[in-house]
Amino acid sequence: MKFSEEFRDKHLVQELARRINAMAPDPATIMEVCGTHTMAVARFGLKTLLPPQVRLVSGPGCPVCVTAQQDLDGYLALGEQPGVILITFGDMIRVPGSYTSLEQQRAAGADVRIVYSPFDAVEIARQEPGKQVVFLGVGFETTMPATALAILTAAEAGLTNFSVYCIHKTMPGALRALLRGGELQVSGLLLPGHVSAIVGAAAYDFIPREFHLPCAVTGFEPVDVLLGVEAILRQLAEGQARVANVYKRAVAAPANPQAQRIMAQVFIPARAEWRGLGQIPGSGVDIRPEFAGLDAKVQFAQVLAAVPPAPATPCRCGEVLRGVLSPPDCPLFGTVCTPSHPLGPCMVSSEGACAAVFRFG
Amino acid sequence: MRIIEINGTVATTEVDGVTRQARLDLLPEAELGDFVLVHAGLAISRVDPEDAAETLALLRKLADEIQ
């Protein structure tokens, strides 16, 4: 058993689809909060298995997509500094900033490297003592513990040439802000499996309690996604709202205690800027002052203060991220904005709503 | 991915012949042979084989009852 193929079993998928259709659900709009769900839904053609009155819309859970232009411009400005190595996950490399991208900077001679984990960035700092290595800390709770551990590792090693440009964002807090603002016109939420492995399924209990919306925590295989959709539709039919966990093989109700401890040791909650959603208090983190030597926003404060405000762009990714604009309804979609020439992050990221629709329809 | 070696807090994990290093800081109880979700070089969760088997068995039973 590898816990992937079994959950792609054609017969089980068909049986779940049959059961969902047999429920004859009322019209419902279900938001898949996480970009990995967006990709799974598109890749496996799951929308075609659902009754036409059940809509799946993409949410704000693609870390690349929600990165604010201004935050990216700041990181790009560091790449202009002599002796700096920028280190990033691969999916950030083509995201356009206001004036350039990491890919364009690298083509122009900047030292930009892609890693699989923040620990690789720490290793590069060890090997390049004459350079300043700046890791782009991006992602939700799934990646935050890894960044925190990299900072602790660098601190223990006494590295003075490693820092993190921290634009991590936190998921439950952002959902609360979005729901409070009445931005999301949805009937239920498919909650992200991997974030939930860190924060625990109980972290979302406020959603049914405060907003009376059915939720399901689920994984990323077709059977998982359909089980999640079924759990939400069932709650809707019964007038219930709770957090169903259909991904119990990987997610428990409580948070992972080690992850909580490590994140609390390194980060403090902070206001974060989300593309298309604006500033949300408490939806991001800053690096604690005791690790200021490893905080790129402190180490390069002067450079960052000189970065001009991001100019307005015609990109409407913000509306896509709120689920109020379908990708094909964006006038840029597929015309001037394509995966090979993306104007906005939803088209860049393989987990972006626009890239998924462009590739899989 | 399955843990095939543990060296202190670092595990070697394997799936389909591909191996990857993963830190085990979040899963101090992890053991050789465990299946774990690995994200950005960090094992973030143990996959519970019993729960997975239970879910699949239930679904298969329901599917069989229909036919």
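One can find the structure itself at the top, above this paragraph.
Here goes a summary of the coordinates provided. Computed from a predicted structure; not experimentally measured.

So, the overall build of chain A
Regarding its fold elements, chain A presents 16 helices and eleven strands. Computed over its C-alpha atoms, the radius of gyration of chain A comes to 21 Å, within 12% of the 21 Å expected for a compact globule of 361 residues. For chain A, with 361 residues in total, the buried portion stands at 59%. Considering only residue pairs separated by 6 or more positions, chain A has 77% of its internal contacts joining residues 24 or more positions apart. Total accessible area computed for chain A in this model is approximately 14,000 Å², and 52% of it derives from carbon and sulfur atoms. Both charge centroids of chain A, one from 29 positive and one from 31 negative side chains, sit 3 Å from each other.

Section: the layout of surface pockets
A volume near 1,500 Å³ is recorded for the largest pocket. As for the largest pocket, its lining consists of 48 residues, of which A:Thr36, A:His194, A:Glu351, B:Val38 and B:His39 are closest to the centre. Sorting the residues of the lining of the largest pocket by element identifies α2 (35-43) and α8 (193-199) of chain A together with β2 (10-15) and β4 (35-39) of chain B as the ones contributing at least two each. Element by element, the count of residues in the lining of the largest pocket is highest for β4(B), at five residues.

Observations regarding the packing of aromatic side chains
All names here are of chain A. In this structure the tally under the stated criterion is five aromatic pairs over all chains. A ring pair is formed by Phe220 and Tyr247, whose centres lie 6.4 Å apart and whose planes are at 80 degrees; its orientation type is edge-to-face. Residue Phe220 is located in the loop between β8 (215-218) and α10 (222-238), and its partner Tyr247 is located in the loop between β9 (243-245) and α11 (257-266); the two are separated by 27 residues in the primary sequence. Each member of the pair, Phe220 together with Tyr247, is buried. One cation-aromatic arrangement involves Arg249 over Phe7; the distance from NZ or CZ to the ring centre is 3.7 Å.

Considerations on the nonpolar core
Within the largest apolar cluster, 144 residues are counted, with the highest numbers of intra-cluster contacts made by A:Phe162, A:Leu191, A:Ile207 and A:Phe267. What A:Leu191 contacts, discounting residues up to four positions off in sequence, is A:Val33, A:His37, A:Leu175, A:Tyr204, A:Ile207, A:Cys215, A:Ala216, A:Val217, A:Thr218 and A:Val243.

Some points on the environment of A:Gly97
Residues and elements named next belong to chain A. Within the fold, Gly97 resides in the loop between β3 (84-88) and α4 (102-107). Among the residues examined, Gly97 registers a relative accessible area of 10% and is labelled buried. Contacts of Gly97, omitting those with residues within four sequence positions, involve Gln69, Leu72, Asp73 and Leu76.

Some words on the sheet that holds strand β2 (residues 54-61) of chain A
Residues and elements named next belong to chain A. Here five strands make up an open sheet; going across it, the order is β2-β1-β7-β8-β9 and the pairing parallel. Edge positions in the open sheet fall to β2 and β9, since each of these has one partner strand only. On average, each strand axis in the sheet is tilted by 25 degrees relative to the strand beside it, whichever way the strands run. Alignment of strand β1 (residues 28-34) against β2, held across six bridges, turns out to be parallel. Each bridged residue has a counterpart across the sheet, and for Thr29 the counterpart in β2 is Arg55.

Structural notes on the sheet that holds strand β5 (residues 132-137) of chain A
Residue and element names in this part refer to chain A. Pairing in this open sheet of four strands is parallel, and the strands run β4-β3-β5-β6 from one edge to the other. Of all the strands in the sheet, just β4 (111-114) and β6 (162-166) have a single pairing partner and so form its edges. With direction set aside, neighbouring strand axes in the sheet form an average angle of 25 degrees. For β3 and β4, the ladder comprises four bridges, and the chain directions are parallel. If you follow Thr88 over to β4, its bridge partner there is Ile114. Across the sheet, helix α6 (residues 144-156) is in contact with β5 and β6; its angle to β6 comes to roughly 155 degrees.

Some remarks on the interface of chain A and chain B
It is common to report an interface's size as the accessible area lost on association of the parts. Facing 34 residues of chain A, the contacting portion of chain B comprises 31 residues. Roughly 2,800 Å² of surface becomes buried between chain A and chain B when both sides are summed, with 70% attributable to carbon and sulfur atoms. Our enumeration of links across chain A and chain B arrives at zero salt bridges. The tally of links between chain A and chain B comes to five residue pairs in polar contact (both at pLDDT 80 or more). Mapped by element, the contributors of at least two residues to the side of chain A that touches chain B are α1 (10-22), α5 (118-127), α6, α8, α10 and α11 of chain A. Examining the composition of the side of chain A that touches chain B, we find that five residues originate from one element, α1(A), more than from any other. Here the residues of the side of chain A that touches chain B sort into 20 nonpolar, seven polar and seven charged.

Things to note about the pairing of β2(B)
Residues and elements named next belong to chain B. Two elements, strand β1 (residues 2-7) and β2, share five bridges in a ladder whose sense is antiparallel. If you follow Asn7 over to β2, its bridge partner there is Val10. Joining the antiparallel neighbours β1 and β2 is a turn of two residues, in which Gly8 adopts a positive phi near 65 degrees. Across six bridges, β2 lies against strand β3 (residues 18-23) in antiparallel orientation.

Observations regarding the state of the cysteines
All names here are of chain A. Evaluation of the coordinates by the stated rule reveals one disulfide over all chains. Two residues share a disulfide in this structure: Cys62 and Cys65, whose sulfurs sit 2.4 Å from each other. Handedness of the Cys62-Cys65 disulfide follows from its S-S torsion of about 65 degrees: it is right-handed. Assigned by exposure class, Cys62 and Cys65 land together as buried. Left without a disulfide partner, Cys34 is nearest to the cysteine sulfur of Cys62, which lies 8.8 Å away.

Thresholds applied
Residues numbered from 1 in each chain as written. Chains lettered and ligands numbered in written order. Predicted model: local features only at pLDDT ≥ 70, side-chain atom pairs only at ≥ 80, totals over all residues. Heavy atoms only, no water. Helix = DSSP H or I, 4+ residues; strand = E, 2+ residues; numbered from the N terminus. Rg over C-alpha atoms; globule rule 2.2 N^0.38 Å. Buried < 20%, exposed > 50% of the residue type's maximum accessible area, 1.4 Å probe, protein only. Contact = heavy atoms within 4.5 Å. Areas by Shrake-Rupley, 256 points an atom, 1.4 Å probe, with all protein chains shown as cover. Lys, Arg positive; Asp, Glu negative; His and termini not counted. Charge placed at Lys NZ, Arg CZ, Asp CG, Glu CD. 1 Å grid on protein atoms, 1.4 Å probe; cavity = no way out; pocket = protein on both sides within 12 Å on 5 of 7 lines; lining within 4 Å. Points joined across faces, edges and corners; volume = space filled by probe spheres on them. Phe/Tyr/Trp six-rings, centres within 6.5 Å; stacked < 30°, edge-to-face > 60°. Lys NZ or Arg CZ within 6 Å of the ring centre and 35° of its normal. Core = buried A, V, L, I, M, F, W, Y, C linked by side-chain atoms within 4.5 Å. Pairing = 2+ DSSP bridges. Axes fitted to C-alpha atoms, helices over the stretch in contact; angles between N-to-C directions. Buried area = accessible area lost by both parts, 1.4 Å probe. Salt bridge = Lys/Arg side-chain N within 4 Å of Asp/Glu carboxyl O. Polar contact = N/O pair within 3.5 Å; in protein donor to acceptor, adjacent residues only side chain to side chain. Nonpolar A, V, L, I, M, F, W, Y, C, P; charged D, E, K, R; others polar. Disulfide = S-S within 2.5 Å.

So yeah, pure geometry; function would need other evidence.
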